[in-house]
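# A look at the structure
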Amino acid sequence: MSEWWAYHPSDLLMFAPQTYYRLFELYNASLWPAQILTLAAGVAIATLMVGGPRWRGRLIAALLAFVWLLVALGYFMDRYAAINLAAPYFAWGFFLQAVLLAVVGSIRGHITFHGGKTRTAKTGLAVFVFALLVQPFMGPLFGRAWSGVELFGLAPDPTVVGTLGVLLAADRIRWELLVIPVLWCAISGATLWIMESPEALLMPLAGLLILLLGASKSLTPQEFQRRD
Amino acid sequence: MQLSRRQLMGSLALASLTALVPQIARAQDAPLAKRIPSSGEALPIVGLGSWITFNVGDDPVARDSSAEVMKAFFDGGGRMIDSSPMYGSAQGVIGYCLQKTGNAASVFSTDKVWIANGDGGPEQIEQTRLLWGIDRFDLLQVHNLVAWEAHLNALKAMKSEGKLRYVGITTSHGRRHGELEKIMRNHDLDFVQLTYNIADREAEDRLLPLAQERGIAVIANRPFRRKELIHRFEDQKLPDWAEEIGAANWAQFLLKFVISHPAITCAIPATTQVDHVRENLRSARDPLPDEKTRQRMVAYIREL
């Protein structure tokens, strides 16, 4: 795009807010009852974050990889691409994150959960539960249709926030796995900001919070991390 | 049919008026039209844009709503609908609406070629044509000067083969006016499309006079800067003299300013509202502001 600085951010938005929100209503209707499956996957992840076998990290990563793949194909390619020319690029980003989660977490076993009692681990779990059970209701809370709820495992925003919670709660911060989720926080925040959505700041704040807490955790030796 | 003396005098008066303003063609109950300089064909001076408004994907409710807007547009005498491959699903939605409203034959179909690969134009145009569901386009334009030399040559070839009626080139947001001016000077164009509204008047300096000099029709995009200008002024009082130019609200005030410029052939506001499309078409009726009133409009806006 030439002379891109001449554009106002709103000039780059190629759809109306009502079209964007209707997308989730149609998406949910077309996928029912897959919502039960992804909710079950979310409950399983939360449960495994609290406790379970030694290899639970591999299973959590596999479940996350699955839902990222689902969002890449089901949401970005099948739905969002109809109204946003950039959606296929977002789909590739989500696909790449699914591969990274599968390789780093499931195959190499680099996502582990042995220190579940640290304050950071508990914060990570709280962030995940927020993404699973609270974030989907932000739309109806601000007056949008219940049928358009954005659910973990199907819609990008709660999937990204939930993943950030898991990565924060893990024993070690895997920075290579944070890049795409944090980038999406910025992209989604910008999109919602331009649409004057009341929850526009949620995603950037979530990304910033995880980056700050992740940096703090990385700089603090594990034996000194606070346990409550 | 016999004419009464009053009817005859009225017709003569109308004929005299038409002679005084030769660019403007008139038909009863239809929006005002201007002649396309390269052909003399009359075109209603208000068209319909599709950026954002027709990009509704496969939402059946929104598609039917778009069809209602299109039906109101044609019922009100509108003809030009403009789109681009850059507008997401808009082209396919236009095709759906044309089929549903049965207006594929009456539309003045206007689209663009927008692809960085200069050789990819014909393939993209064919995809666009299939989405619209029409036999050929009335007007195709090189979008935002992207790979313009290759695309312009391809469009000229299509025109000479009878596969296209008019050739044009576009820019928006006031960008690359210098380059557009060079193209207008050195190439045979039927149309240019550019941004022109009461707040963005840079085109008045060189491009609009050049279009008149070279006999190029001008399409004005962003007549309301999307909705920004309407939102900016909606809480302000319309001047008392707005009635004199037939403007009942700010949208009509702003649109009448655009379409009354002698070089502007057609403005293409976009909307999702049936009421708004009717209101826009009502703007394309007499009286239109003359040059003195246009200056008064600009001065009034500056004071707000």
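About the thresholds
- Residues numbered from 1 in each chain as written.
- Chains lettered and ligands numbered in written order.
- Predicted model: local features only at pLDDT ≥ 70, side-chain atom pairs only at ≥ 80, totals over all residues.
- Helix = DSSP H or I, 4+ residues; strand = E, 2+ residues; numbered from the N terminus.
- Rg over C-alpha atoms; globule rule 2.2 N^0.38 Å.
- Buried ≥ 20, exposed ≤ 12 C-beta atoms within 10 Å, placed from the backbone.
- Contact = placed C-beta atoms within 7 Å.
- Nonpolar A, V, L, I, M, F, W, Y, C, P; charged D, E, K, R; others polar.
- Expected span 1.5 Å × (residues − 1).
- Arc of directions from axis to C-beta.
- pLDDT = per-residue confidence, 0-100.
- Axes fitted to C-alpha atoms, helices over the stretch in contact; angles between N-to-C directions.
- Parallel < 35°, antiparallel > 145°, perpendicular 65-115°, else oblique.
- Core = buried A, V, L, I, M, F, W, Y, C linked by C-beta atoms within 7 Å.
- Pairing = 2+ DSSP bridges.
- Left-handed = near helix turned anticlockwise from the far one by under 90°.

## Considerations on the overall build of chain B
In terms of helices and strands, chain B carries 11 helices and 10 strands. Whereas a compact globule of 304 residues would reach a radius of gyration of roughly 19 Å, chain B reaches 19 Å, a difference of no more than 12%. Along the longest, intermediate and shortest principal axes, the C-alpha atoms of chain B span 55 × 50 × 40 Å. Taking all 304 residues of chain B together, the buried fraction comes to 46%. Look at the contacts in chain B between residues 6 or more apart in sequence, and 76% of them connect residues 24 or more apart.

## So, the environment of Ala145 of chain A
Residue and element names in this part refer to chain A. Here Ala145 lies in the loop between helix H6 (138–141) and helix H7 (156–169). Judged by the 13 C-beta atoms lying within 10 Å of it, Ala145 falls in the partly exposed class. Along the backbone, Ala145 and Arg22 are 123 residues apart, and their C-alpha atoms lie at a distance of 8.7 Å.

## Some thoughts on the interface of chain B and chain A
In this assembly, 13 residues from chain B lie in contact with 15 residues from chain A. In terms of residue class, the side of chain B that touches chain A is made up of 4 nonpolar, 5 polar and 4 charged.

## As for helix H2 (residues 60–75) of chain B
Helix length check: H2 of chain B (16 residues) gives 22 Å between terminal C-alpha atoms against 22 Å at 1.5 Å per residue, within 8%. The complete set of buried residues in H2 of chain B reads Ala62, Ser66, Val69, Met70, Ala72 and Phe73 of chain B. The buried residues of H2 of chain B all sit within an arc of 160° when viewed along its axis, so they share a single face. For H2 of chain B, the exposed residues set more than 90 degrees away from the buried face come down to Pro60 and Val61 of chain B. Buried residues in H2 of chain B make contact with helix H1 (17–31) of chain A together with helix H3 (90–101) and helix H10 (274–283) of chain B. Remark: Gly77 of chain B follows H2 of chain B within two positions and exhibits a positive phi of approximately 95°.

## Side note on the confidence of the model for chain B
In the predicted model, chain B carries a mean pLDDT of 91, and the fraction of residues at 70 or more is 91%. In the model output, the complex is listed with pTM 0.89 alongside ipTM 0.89.

## So, the packing of helix H6 (residues 177–186) of chain B against helix H7 (residues 207–214) of chain B
How two helices sit against one another is set out by the angle between their axes and by the gap between those axes. Residue and element names in this part refer to chain B. At their nearest, the axes of H6 and H7 sit 11 Å apart, and the two run at 10° to each other. As the angle between them shows, H6 and H7 are arranged roughly parallel. Counted together, His177, Leu180, Glu181 and Met184 of H6 and Leu207, Leu210, Ala211 and Arg214 of H7 form the full contact between these two elements. Looking at side-chain class alone, the contact of H6 with H7 contains 5 nonpolar, 1 polar and 2 charged residues.

## Describing the nonpolar core
As a rule of thumb, nonpolar side chains are buried together in soluble globular proteins. Counting 141 residues, the largest nonpolar core has Val192, Val218 and Ala267 of chain B as its most contacted members. With 12 residues, the single largest contributor to this core is helix H3 (residues 56–77) of chain A. Apart from residues lying up to four places away in sequence, Ala267 of chain B is in contact with Ile45, Val46, Gly47, Ala220, Pro223, Leu255, Val258 and Ile259 of chain B.

## Concerning the sheet that holds strand S8 (residues 191–195) of chain B
Residue and element names in this part refer to chain B. On the basis of which strands lie adjacent, the open sheet formed by 7 strands has the order S4-S5-S6-S7-S8-S9-S10 and parallel pairing. Every other strand in the sheet has two partners, leaving strand S4 (80–82) and strand S10 (264–267) as the edge strands with one partner each. If you compare each strand with its neighbour and ignore which way they point, the axes differ by 30° on average.

## Overview of the packing of H7 of chain A against helix H8 (residues 175–194) of chain A
All names here are of chain A. Direction vectors running N to C along H7 and H8 enclose 140°, while the axes themselves pass 10 Å from each other. The angle between the axes of H7 and H8 places the two elements in the oblique class. Both H7 and H8 take part in a crossing whose hand is left-handed. Between H7 and H8, the residues in contact are Pro156, Asp157, Val160, Thr163, Leu164 and Leu167 and Leu177, Leu178, Pro181, Trp184, Cys185 and Ser188, respectively. Here the residues of the contact of H7 with H8 are counted per class, giving 9 nonpolar, 2 polar and 1 charged.

## Let's talk about the environment of Ala98 of chain A
Residue and element names in this part refer to chain A. Counting through the fold element by element, Ala98 comes out in helix H4 (residues 87–107). Owing to 21 C-beta atoms within 10 Å, Ala98 belongs among the buried residues under this scheme. In sequence terms Ala98 and Thr159 are 61 residues apart; their C-alpha atoms lie 12 Å from each other.

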